[in-house]
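Secondary and tertiary structure notes
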Amino acid sequence: MEEPFAITLDPGSSRANRTGSWRVERPVYVDRLPPCNDACPAGENIQRWLYAAEDGSYEAAWRSLVEDSPLPAVMGRICYHPCETACNRAQLDETVGIHGLERFLGDQAIEHGWGLAAPPADSGRQVLVVGSGPAGLSAAYHLRRAGHRVTIRESADRPGGMLRYGIPAYRLPRPVLDAEIDRIVATGITLECGQPVADLAETMTSEPWDAVFVAVGAQRGRDAGIPAGDSARILDAVTLLRGMEDQAPPMLGRRVAVYGGGNTALDAARTARRLGATDTVVIYRRTRDRMPAHESEVEDALDEGVRMRWLSTIARVEQGSLLLERMVLDEHGFPQPTGELEELGADTVVLALGQESDLSLVERVPGIEIADGVVRVGSDLMTGRAGLFAGGDMIDPASADRPPEERTATVAIGHGKRAARAIDAWLAGRRPEPVPRHEIAGFDHLNTWYYSDAPPTVQPRLDLARRQSTFDEVVGGLDESTALFEARRCLSCGNCFECDNCFGVCPDNAVVKLGPGLRYRFDYDYCKGCGICVEECPCGAIVMEPEQV
Amino acid sequence: MPEFATDGGPTAARESGSPGSVEPPGSGGAGAAVRSEDPPGSRDATGPASPSSGQPVKFYQVGSFAVGNRLLDPSYRTVQSDALRTNALDSGHRACQGCGEALGARYALDAAMRATGGSMVAVNATGCLEVFSTPYPESSWRIPWLHSLFGNTPAVATGVAAALRVKGRPEVRVVGQAGDGGTVDIGFGCLSGMFERNDDVLFICYDNEAYMNTGVQRSAATPPAARTATTEAVGDEPGNPFGQGKNLPVLAMAHDIPYVATATVADLHDLERKVERAMEIRGARYLHLFVPCPLGWGAAPRDTIRLARLAKETGLFPVFEAEHGVVTAVSQIRRQVPVEEYLRPQGRYRHLFDPADPDGPPARPETVRRIQEIADRNIARYGLVGPAGSDAPGEAGPSDPSGRPYETGEAR
């Protein structure tokens with residue numbers, strides 16, 4: 001080779017020196033489970049759909065969302081968002097407003113008429129779903145997506161179960177509910193309303209169902225057996241809320257007392273306020289911090305002028321008044337009577353002391369186990385009768401092989417999805433495949449330096465005067481810009497969001513950028529294993545592993 | 001204004017429009033406290049307001065401070081986020097694990113390569129950077145690169161610039177680079193001359209605060225109390241003495257050269273913007289880049305960027321820029337921390353803490369207090385702490401400078 005004067009050798013590249021041999025630990029990309037996803041009873045992949053929403057791909061975000069939950073516009077309104085309780089961002093400033101975004105995407109879908117994907121080839125299997133509440137709708141949707149022929153049988157005139165007959169319209173406007181149910185049914189599900197199933201054992205033998213999912217909910221208000229005069233006006237909260245769907249709403253009078261401390265009690269109180277009750281009192285045996293109702297509901301009720309009587313029970317109800325007994329908490333936190341009585345004027349007493357299921361339809365099913373008013377199911381939600389699955393409020397909230405769960409619409413949606421998966425496996429003669437759970441991406445895994453401060457977006461609220469007199473929706477939605485702002489507050493805990501940090505901070509250029517959506521790859525020929533990429537990854541998506549020798 | 005601002009002082013003879021110095025369009029001139037026109041990619045405190053709610057939409061999640069940002073138009077992203085970046089310093093170099101200098105050199109030179117469109121020559125002093133990048137017959141450099149002696153790099157760079165001018169190639173720009181030893185000690189005479197003549201060279205000092213290549217000996221950039229091989233942790237005042245050393249960015253400013261800046265490997269956006277700014281200017285420019293050394297500092301290799309960040313967030317390393325001897329911009333502290341947080345992870349300060357209880361209270365609280373005083377003095381001198389409770393101005397993260405509220409340049 002001809003070289004210039006005094007040059008004897010071409011320069012070689014240092015790439016001949018494979019510095020990867022220095023390494024004792026290697027960085028590895030991982031996906032950790034974001035706390036929001038972990039906390040979601042419906043099993044949504046929240047981080048994934050937020051990621052899609054961040055660049056304005058709302059339809060893609062919605063499509064990702066409805067892979068798990070088919071009712072985003074509904075759930076974005078009524079879910080008590082355990083995802084936000086778990087959100088790591090709360091430790092930085094405030095939690096990401098996931099429910100507002102879910103609602104925004106759901107509303108966008110309704111506005112733009114986005115439809116659900118057509119199911120794949122017909123499996124030829126027929127599945128009956130009893131009850132069209134959140135559990136039934138979710139199960140039907142997921143079964144249909146798996147290619148099965150699904151029929152929903154509903155005893156009421158209209159579908160939705162407690163979503164329609166238990167949740168007041170000011171929290172869930174009915175056109176929203178109708179739109180989302182219609183969209184699910186439009187995937188090819190047969191919906192039979194006004195068709196109560198009286199005896200499921202009989203139905204299962206006389207009709208050709210390959211499998212049945214039953215989720216009739218807990219529709220009956222519990223009765224406390226309170227002593228009452230003959231002309232006292234007492235009704236239960238379930239009846240009141242259900243009556244709101246009738247042509248003529250129930251007559252309550254001017255003074256309404258609601259007995260109970262759960263979310264239903266507050267729904268009843270707020271409904272009474274809107275029906276014209278000027279004096280609405282919630283009576284609860286314990287203290288505010290022990291109320292099972294969610295804090296936001298208590299706040300909303302107080303804002304609307306509902307009064308609270310803590311540490312009180314109803315001793316007796318007469319026409320136009322009731323007798324309260326003051327309680328004290330003992331050292332175990334249980335309320336104990338004091339004998340101090342007080343009279344309170346009330347035209348109507350509404351009992352909201354919990355609900356129970358009417359299980360008469362399954363009582364005669366052979367093999368089924370009923371204890372304490374709920375149906376026992378296994379981890380796959382199958383009852384003692386092969387091929388009969390159950391979910392929602394009618395099953396035991398905890399058992400040996402299932403962790404304890406709340407009784408909410410979101411849990412019911414999760415039941416529907418899990419049952420559908422179990423039914424699909426059962427029909428194919430498979431065991432349901434266990435879904436591997438990644439390690440949780442805790443706050444300690446994050447390098448929060450890379451996220452800047454971003455205050456949360458506040459959803460607009462209806463003014464108080466209208467909240468006290470109309471059933472208009474109380475909480476407003478996000479608009480497009482506020483939704484985008486909120487989506488971008490997501491920290492993407494435990495999942496690479498392609499911020500290029502690892503690619504940028506490597507002193508040895510040992511990270512290969514694979515392009516949009518494809519993330520990165522380590523070049524182990526040159527990676528010296530310094531671990532800067534792990535330390536500087538904002539979201540904790542890289543770990544160091546000992547090198548195998 | 002910092003106390004050492006010298007406009008109007010005895011050394012302020014050079015006019016802002018002097019030969020060899022090109023003012024950028026829109027510049028407020030030498031005395032302007034803040035540039036009136038920021039280059040693309042600079043950061044605003046708030047983004048454009050959205051029309052419907054008045055709420056500014058920013059690029060929070062992705063990267064207000066991270067290297068890349070998939071929501072940002074590609075033309076506003078960092079050089080380092082570009083899959084086709086120069087990689088001026090290639091893989092296979094023999095720098096230690098987690099080397100801050102290797103990282104800093106690639107950051108600075110890749111940015112300079114983009115700013116000059118690839119027309120650039122680098123002159124490199126003897127030192128770690130030279131030794132680990134070019135063991136015969138290999139080279140890690142993917143740019144035209146010359147090795148000079150330990151002490152004469154500024155003079156060689158001056159010569160390269162002069163030669164290019166004579167050959168009618170003034171568009172080819174020259175970068176001189178050295179470690180802190182080659183800059184503040186051995187090369188300082190040549191560097192001062194280069195500044196004084198206002199030669200058209202960007203000189204970059206990679207400051208890792210000692211002679212690392214030869215075995216961690218003290219330099220004039222070694223901070224007080226730090227252990228080195230020549231300032232052992234023995235005696236009444238173990239480690240490097242207080243009250244010595246040179247503050248080279250300030251010395252450079254005293255020469256009234258067109259541009260002086262400090263930066264760290266922890267803030268890439270800031271560093272790249274400063275390199276870009278330096279390449280817009282003709283004449284002598286100086287960039288002092290803080291690059292932690294895991295080996296010499298006795299720190300974990302993974303902590304290199306974290307330590308650089310802590311040096312800035314404690315106030316020990318002030319990050320600022322100056323034109324013609326006057327400070328024009330300061331990077332404010334975003335999350336202020338006491339100096340202890342910076343000192344504890346470093347073996348060179350181990351003697352300040354109790355070896356039996358390294359997380360406990362300092363064994364030499366008086367020394368730690370004196371180091372904190374240095375940080376506090378920097379904070380007061382440069383105004384490093386902004387209004388309480390706010391993300392410091394210029395630190396709130398990038399918004400799309402094109403003013404679009406929430407569209408993006410590319411889908412991802």
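Rules used in this analysis
Residues numbered from 1 in each chain as written. Chains lettered and ligands numbered in written order. Predicted model: local features only at pLDDT ≥ 70, side-chain atom pairs only at ≥ 80, totals over all residues. Contact = placed C-beta atoms within 7 Å. Helix = DSSP H or I, 4+ residues; strand = E, 2+ residues; numbered from the N terminus. Nonpolar A, V, L, I, M, F, W, Y, C, P; charged D, E, K, R; others polar. Pairing = 2+ DSSP bridges. Right-handed = clockwise from strand over helix to strand, strands pointing away. Axes fitted to C-alpha atoms, helices over the stretch in contact; angles between N-to-C directions. Buried ≥ 20, exposed ≤ 12 C-beta atoms within 10 Å, placed from the backbone. Arc of directions from axis to C-beta. Domains from an automatic or database assignment.

1. Thoughts on the interface of chain A and chain B
Facing the 55 residues of chain A at the interface are 53 residues of chain B. Where the side of chain A that touches chain B is concerned, the elements lending two or more residues are strand 1 (12–13), helix 16 (480–487), helix 17 (501–505) and helix 18 (532–536) of chain A. Residues belonging to the side of chain A that touches chain B are distributed by class as follows: 24 nonpolar, 17 polar and 14 charged. Bridge count for strand 1 of chain A against strand 2 (residues 138–139) of chain B is two bridges, and the pairing is parallel. The residue bridging G12(A) from the neighbouring strand is E138(B), located in strand 2 of chain B.

2. Here we look at the pairing of strand 4 (residues 149–153) of chain A
Residues and elements named next belong to chain A. Across five bridges, the pairing between strand 3 (residues 126–130) and strand 4 is parallel. Among the inter-strand pairings, V129 is bridged to a residue of strand 4, identified as I152. Each parallel crossover has a hand, and the one from strand 3 via helix 7 (residues 134–145) to strand 4 is right-handed.

3. Notes on the sheet that holds strand 19 (residues 388–390) of chain A
Residue and element names in this part refer to chain A. The strand order across the open sheet built from five strands is 5-4-3-6-19, with neighbouring strands paired in parallel fashion. The two strands at the open ends of the sheet, each matched to only one other strand, are strand 5 (190–192) and strand 19. Going from strand to strand, the sheet's axes swing by 20° on average, the running direction of each strand aside.

4. Thoughts on helix 3 (residues 58–65) of chain A
Because each turn of an α-helix spans 3.6 residues, side chains separated by three or four positions in sequence point in the same direction. All names here are of chain A. Of the residues making up helix 3, those classed as buried are Y58, A61, W62, S64 and L65. The arc that holds every buried residue of helix 3, seen down its axis, measures 160°, which confines them to one face. Taken together, the buried residues of helix 3 touch helix 2 (46–54), helix 4 (72–78) and helix 6 (98–112).

5. Observations regarding the domain arrangement of chain A
For an interface, size is often stated in terms of accessible area lost upon the parts coming together. All names here are of chain A. Looking at the assigned domains, one finds that chain A contains domain 1 (14–31 + 496–546), domain 2 (35–115 + 453–486), domain 3 (126–219 + 357–427) and domain 4 (225–353). Contacts between domain 2 and domain 3 engage 20 residues on the former and 27 residues on the latter. Ranked by the residues each element gives to the side of domain 2 that touches domain 3, the list is headed by helix 4, at five residues. Looking at the side of domain 2 that touches domain 3, its residues break down into 13 nonpolar, three polar and four charged.

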